[in-house]
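Residues per chain, in single letters:
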Amino acid sequence: KNLKCVTHNLRKMICTWDVSSKRRHGQTDFCYTTSNLPSPVCFKTKEEKVEIPVPDSSSMVTITTSSIVGTAFATKEFEIHKKDISFAPLTPHILSLTPDFSTSTLNLKWSDNGSVFPNGLDAFWQIQILRKEAMEKVAQVTYYSKLTHEDIILSWNWTSDMPLECTSHYVKIRCYINVTQFVGPKDWSDWSPVEEVPGKDTEPNGSGVFPQDTVVAVGSDVTICCVHEEGQQIERMTYGSEVYPMIRLSSRSSAIRVLNASASDTSGTNVVCRLSEYVLDGTVLFVGYAPDTPEDLICETSNFLIIKCTWKPGRPSGLYGKRRTKYSLFERISGKNVSCAVNEMNRERVCGFPVLADQKTYHFTLGVSNPIGQTESSLLVDLTQRVHPKTPEKLTISGNSSTSVRLHWFINGSFAEIRLLCQIEISSGHLEQKMHNVSMPGGKFSIYTAQLNTLHPYTKYQFRVRCSAADHFWRWSDWSRIEEHTTLEA
Amino acid sequence: MAAADSPSDALRRRDLCSRGIRLAGKMRSDVVDLLDTYVERQGLDASASVAAVEGVPAAATEHWDEQTGTQRLLENLAAYRAFRTLLAQMLEDQQEQLGEADAALGQALAAVLLQVSAFAYHLEELLRLESLGPPSEEAAGPTSLSDLSLFERKLRGLGVLRELAQWAVRSARDLRQLTKPSPGTSLAPSPAESP
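Residues numbered from 1 in each chain as written. Chains lettered and ligands numbered in written order. Predicted model: local features only at pLDDT ≥ 70, side-chain atom pairs only at ≥ 80, totals over all residues. Heavy atoms only, no water.

Our working definition: UniProt positions are given in the numbering used here, feature names are shortened, and annotations may be inferred rather than shown by experiment.
If you check an unreviewed UniProt entry, chain B appears there as Ciliary neurotrophic factor from Halcyon senegalensis. What the UniProt record of chain B gives under Sequence similarities (unreviewed entry) is the line "Belongs to the CNTF family." One UniProt comment on chain B, placed under Function (unreviewed entry), says "CNTF is a survival factor for various neuronal cell types. Seems to prevent the degeneration of motor axons after axotomy."

Structure, rendered in structure tokens:
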């Protein structure tokens, strides 16, 4: 009685039955026939289980049980209809369970065994994560895939809310295949055997506080555990200066849970596990911000040798030293990349990039990253339109006339590719201040000259000069120093 | 002391000892200040107990009374050479971990390192007067910090500074001991001796 048939691959089915007779039986004669079989197929079995083909519509089954000496004592006939056959996929086989301790991530790989089934069927994989000595279920996820009549290796990642070192993590998986054309009941497969990633609390010298010296974002919820030797007791665990309630993970591991972590000091927040007065263990947690996208990215040159990019960094990350926010400048046209030396304590952000021969246009991407995140800002710039000359130097005045003078000044830089516009400010005590603009071809580390006429005789003047690009004004240089000159008497 | 001093050697030794005592006193107060800064900036519990730091000779010694002058100088020199290496290591690690974020702590560490180096040189000078000369430095470097977690490094730094503070006290006592009259090398203590 209770004849049940299950198929795992839609072609063969495994039938099982019960024998109610109290008498000890030796073996069973099993016969089956279907509409497209010429004659019944029979065979003997000692088990109450056989594997026979799945019928197109139904099968007639005859089961005869005999005693040890071979005398038949019970015969029963069954008709198995297609709708009576249930379908459950074979138990999935986990190929690998790989931990990435740095990210507390488990990577699970398994085969979908798709070659057994027709193409295009929907498959659902239920994955269970268990933890601690008591193997408590901490997560159950349903993963979906489509079968392709080939054996495909599926991969899935799960990030734990606590470091994998803290305690052992276990994974098991089962599968459900939606065989739409199958009329019988459909069921989940059995759970796969459990795969384990052992925690440090199972290792002889596994003691420590985890995660070790890690960086997290402000606002994160963080689980920090203390793994100790068997028999040791944790007196208390503190985060910064605050004692936290402990969560027991195993006989050698307890954890604390810090919610909504706030920014740490420059040297990080200490998490101390006090085992006894003289035994301290600990870790340092750095809590900071991902970098803000740089604002007001400006790139200009003051000498056509170096391009200087500046930007506003946004909120400080709160991370320093080797965890600080790092900047790099990538120029897409030339493919050149420059890393920027930035002093995190200094609010001004500057990065230099060499002016490249025969390149006027630059497509910059300022890459910004720290252990918590990364971002970037881009800028396309025509260098000739971003000239911000250095301050004119060595301003000298010459002239032996009562109404005109010649000014000479030097600008550090190579401006041969552009014209310069220079502005001369003419002041004299009682006279109205005047501005005189003069444009001239740019030169290479040159001295520039301009003549001023229509001055007043025997008058003391103060002159200063500043320059910019003539064709595409961008920014004036700073003013030069003031030079005084008195015109000759008339 | 090994052989009877010439008057100039004795004068030179007394001068070196009294200057050494003042340097040890200054060093001690700076180390105590540095300790407070270090504990506060590293977020440590001032009462935390720290295991002995490998590579640092303990200041406390049972046979202090019986030590000869040379033994005192040699032990002091070994200690301050060790501290010089350890403090340099701490300074480098502090730079790597914090960059410019904690310049105050970095400068305080550098200042004490300078004093430790000066004191080591001072001891070498005293040993030269022994015509024994200072021993050559041992090649064995300290534990590599990369084997230690950040928290272990913080505790280790605490241990180094605490031990250095102890040594500064002991050094002053040792140098005072050297200036005390002993058979054959009587050196009257000079008034400017106590730190």
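1. Some remarks on the state of the cysteines
Residues and elements named next belong to chain A. Definition in use: Only a pair of cysteine sulfur atoms within 2.5 Å qualifies as a disulfide here. In this description a helix means any DSSP run of H or I spanning at least four residues, a strand means any run of E spanning at least two, and both kinds are numbered starting from the N terminus. Under the scheme applied here, a residue whose accessible area is under 20% of the maximum for its type counts as buried, over 50% as exposed, and between as partly exposed, the area being computed with a 1.4 Å probe on protein chains only.
Taken as a whole and judged by the stated rule, the model has 7 disulfides over all chains. The disulfide partner of Cys340 is Cys351, and the S-S distance across this bridge is 2.0 Å. Where Cys340 bonds to Cys351 through sulfur, the torsion about that S-S bond is close to -85 degrees, and the disulfide is left-handed. On the criterion of sequence distance, the pair formed by Cys340 in strand 28 (residues 336-340) and Cys351 in strand 29 (residues 349-354) is long-range, its members being 11 residues apart. A sulfur-sulfur distance of 2.1 Å marks the disulfide that ties Cys422 to Cys467. Its S-S torsion of approximately 105 degrees makes the covalent link between Cys422 and Cys467 right-handed. Residue Cys422 is found in strand 34 (residues 419-428), and its partner Cys467 is found in strand 37 (residues 460-469); the two are separated by 45 residues along the sequence. Assigned by exposure class, Cys422 and Cys467 land together as buried.

2. Examining the side chain of A:Arg274
All names here are of chain A. Quick note on the threshold: Here, two residues are considered to be in contact whenever any of their heavy atoms come within 4.5 Å of each other.
Following the sequence through the fold, Arg274 ends up in strand 23 (residues 269-276). For Arg274, a relative accessible area of 18% puts it in the buried group. Not counting the four nearest positions on each side in its chain, Arg274 is found in contact with Gln233, Ile234, Glu235, Arg236, Val279 and Leu280.

3. Re the nonpolar core
Using the following cut-off: Only buried residues count toward a nonpolar core, which is a set of Ala, Val, Leu, Ile, Met, Phe, Trp, Tyr and Cys residues joined through side-chain atoms within 4.5 Å.
Of all hydrophobic cores here, the largest spans 53 residues; its most connected members are B:Tyr80, B:Phe83, B:Leu87, B:Val116, B:Leu164 and B:Leu175. Among the secondary structure elements, those contributing two or more residues to this core are strand 24 (279-288) of chain A together with helix 1 (7-41), helix 2 (69-98), helix 3 (103-129) and helix 4 (150-179) of chain B. It is helix 4 of chain B that contributes the most residues to this core, 13 residues altogether. Here B:Tyr80 is in contact with B:Met27, B:Val116, B:Phe119, B:Ala120, B:Leu123, B:Leu164, B:Trp167, B:Ala168 and B:Ser171, once residues within four sequence places are set aside.

4. Looking at the sheet that holds strand 10 (residues 105-111) of chain A
By definition, the strands of a sheet pair up through backbone hydrogen bonds, in either a parallel or an antiparallel sense. All names here are of chain A. The line we're drawing: Here a strand pair is declared whenever DSSP counts at least two bridges between the two strands. Axis definition: a line fitted to C-alpha atoms, over the contacting stretch in the case of helices. Angles run 0 to 180 degrees between N-to-C directions.
With respect to topology, 3 strands assemble into an open sheet ordered 9-10-13, the strand pairing being antiparallel. Unpaired on one side and paired on the other, strand 9 (94-100) and strand 13 (153-159) mark the two borders of the sheet. Going across the sheet, the axis of each strand differs from the next one's by a mean of 15 degrees, ignoring polarity. Note: strand 10 against strand 13, 7 bridges, orientation antiparallel. The residue bridging Thr105 from the neighbouring strand is Thr159, located in strand 13.

5. Section: the interface of chain A and chain B
Definition in use: We define buried area as the total accessible area lost by two parts upon association, computed with a 1.4 Å probe and summed across both. A pair is scored as a salt bridge if a Lys or Arg side-chain nitrogen falls within 4 Å of a carboxyl oxygen belonging to Asp or Glu. Two N or O atoms count as a polar contact when they lie within 3.5 Å, although within protein this holds only if one can serve as hydrogen donor and the other as acceptor, and sequence-adjacent residues are included solely when both atoms are side-chain atoms.
In this complex, chain A contributes 22 residues to the contact, which on the side of chain B involves 19 residues. Buried area between chain A and chain B, both sides added, is near 1700 Å², and the carbon and sulfur share of it is 51%. For the interface between chain A and chain B, the tally reads 1 salt bridge. Between A:Lys322 and B:Glu96 there is a salt bridge whose closest N-O contact spans 3.3 Å. There are 9 residue pairs in polar contact (both at pLDDT 80 or more) connecting chain A and chain B.

6. What to know about the sheet that holds strand 23 of chain A
Within the open sheet, the 5 strands sit side by side as 17-24-23-19-20 (chain A). Their pairing is mixed. Looking along the sheet, the strands with just one partner apiece sit at the ends: strand 17 (214-217) and strand 20 (242-244) of chain A. When the angles between neighbouring strand axes are averaged without regard to direction, this sheet yields 30 degrees. Where strand 17 of chain A lies against strand 24 of chain A, 4 bridges are found, and the strand directions are parallel. Within the sheet, the bridge partner assigned to A:Val215 lies in strand 24 of chain A and is A:Phe286. Helix 4 of chain B rests against strand 23 and strand 24 of chain A of the sheet, and its axis sits at about 115 degrees to strand 24 of chain A.

7. Comments concerning a nonpolar patch on the surface
All names here are of chain A. The condition that has to hold: Any residue with relative accessible area above 30% and no salt bridge may belong to a patch, with like charges joined within 9 Å and the nonpolar Val, Leu, Ile, Met, Phe, Trp and Tyr side chains within 5 Å. Exposure was quantified through the Shrake-Rupley algorithm and a 1.4 Å probe, taking into account, for residues, occlusion by the shown protein chains and nothing else.
Where nonpolar side chains cluster on the molecular surface, the patch consists of Leu305, Ile306 and Phe445 and spans about 250 Å² of accessible area. Residue placement: Ile306 occurs in strand 26 (residues 306-312). Exposure remark for Ile306: the relative accessible area of 41% places this residue in the partly exposed category.

8. Description of the layout of surface pockets
One way to see where empty space is left: roll a probe the size of a water molecule over the atoms. The line we're drawing: A pocket here means an open set of points on a 1 Å grid, computed over the protein atoms alone, that has protein on both sides within 12 Å along at least five of seven lines. A cavity is instead a set of points where a 1.4 Å probe fits but cannot get out; residues with an atom within 4 Å of a point line either one. Grid points are joined across faces, edges and corners, and a volume is the space filled by probe spheres set on the points. For this classification, Asp, Glu, Lys and Arg are treated as charged, while Ala, Val, Leu, Ile, Met, Phe, Trp, Tyr, Cys and Pro are nonpolar and the rest, including Gly, are polar.
In this structure, the second largest pocket encloses a volume near 390 Å³. Lining of the second largest pocket is provided by 17 residues; of these, B:Val50, B:Ala51, B:Glu152, B:Leu155 and B:Arg156 occupy positions nearest its centre. Sorting the residues of the lining of the second largest pocket by element identifies strand 24 of chain A together with helix 4 of chain B as the ones contributing at least two each. A per-class count over the lining of the second largest pocket returns 10 nonpolar, 3 polar and 4 charged.

9. A look at the pattern of salt bridges
On inspection of all chains with the given rule, the structure shows 26 salt bridges over all chains. Of the charged contacts, one joins A:Glu235 and A:Arg274 as a salt bridge, the two residues approaching to 3.2 Å between their closest N and O atoms. Within this pair, whereas A:Glu235 is found in the loop between strand 18 (222-227) and strand 19 (236-239), its partner A:Arg274 is found in strand 23, the two being separated by 39 residues in sequence. Across the pair B:Asp93 and B:Arg153 runs a salt bridge, and its minimum N-O distance is 2.6 Å. With B:Asp93 in helix 2 and B:Arg153 in helix 4, this pair connects stretches of sequence that are 60 residues apart. A single burial state applies to B:Asp93 and to B:Arg153, both of which are buried. Overlapping salt bridges, with partners in common, bring together B:Arg72, B:Glu75, B:Arg170 and B:Asp174 in one network.

10. Re empty space enclosed by the protein
One pass over the full model with this rule turns up 1 cavity of 30 Å³ or more. Approximately 230 Å³ is the volume found for the largest cavity. Lining the largest cavity are 18 residues, with B:Gln42, B:Asp93, B:Gln97, B:Arg153 and B:Lys154 sitting closest to its centre. When contributions to the lining of the largest cavity are tallied by element, the ones reaching two or more residues are strand 24 of chain A together with helix 2 and helix 4 of chain B.

11. Topic: the packing of aromatic side chains
To keep it simple, the criterion reads: Any two rings among Phe, Tyr and Trp, with Trp reduced to its six-membered ring, count as a pair given centres within 6.5 Å; such a pair is stacked if its planes are under 30 degrees apart, edge-to-face if over 60, and tilted if neither. Two thresholds decide whether a charge sits over a ring: the Lys NZ or Arg CZ must be within 6 Å of the ring centre and within 35 degrees of the ring normal.
What the rule picks out here adds up to 20 aromatic pairs over all chains. Ring geometry for A:Tyr461 versus A:Phe463: centroids 5.7 Å apart, planes at 25 degrees, classification stacked. Assigned by exposure class, A:Tyr461 and A:Phe463 land together as buried. Relative to B:Trp167, the ring of B:Tyr80 has its centre 6.2 Å away and its plane inclined at 75 degrees; by these criteria the two rings are edge-to-face. Remark: B:Trp167 occurs in helix 4 and B:Tyr80 occurs in helix 2; sequence separation between them is 87 residues. Classification of B:Trp167 as buried rests on a relative accessible area of 0%. Among the aromatic residues, those joined into a ring-pair cluster are A:Phe124, A:Tyr144, A:Tyr176 and A:Trp188. Over the aromatic face of A:Phe286 sits the side chain of A:Arg323, whose NZ or CZ is 3.6 Å from the ring centroid. The aromatic ring of A:Trp474 is capped on one face by A:Arg386, whose charged end is 4.1 Å from the ring centroid.

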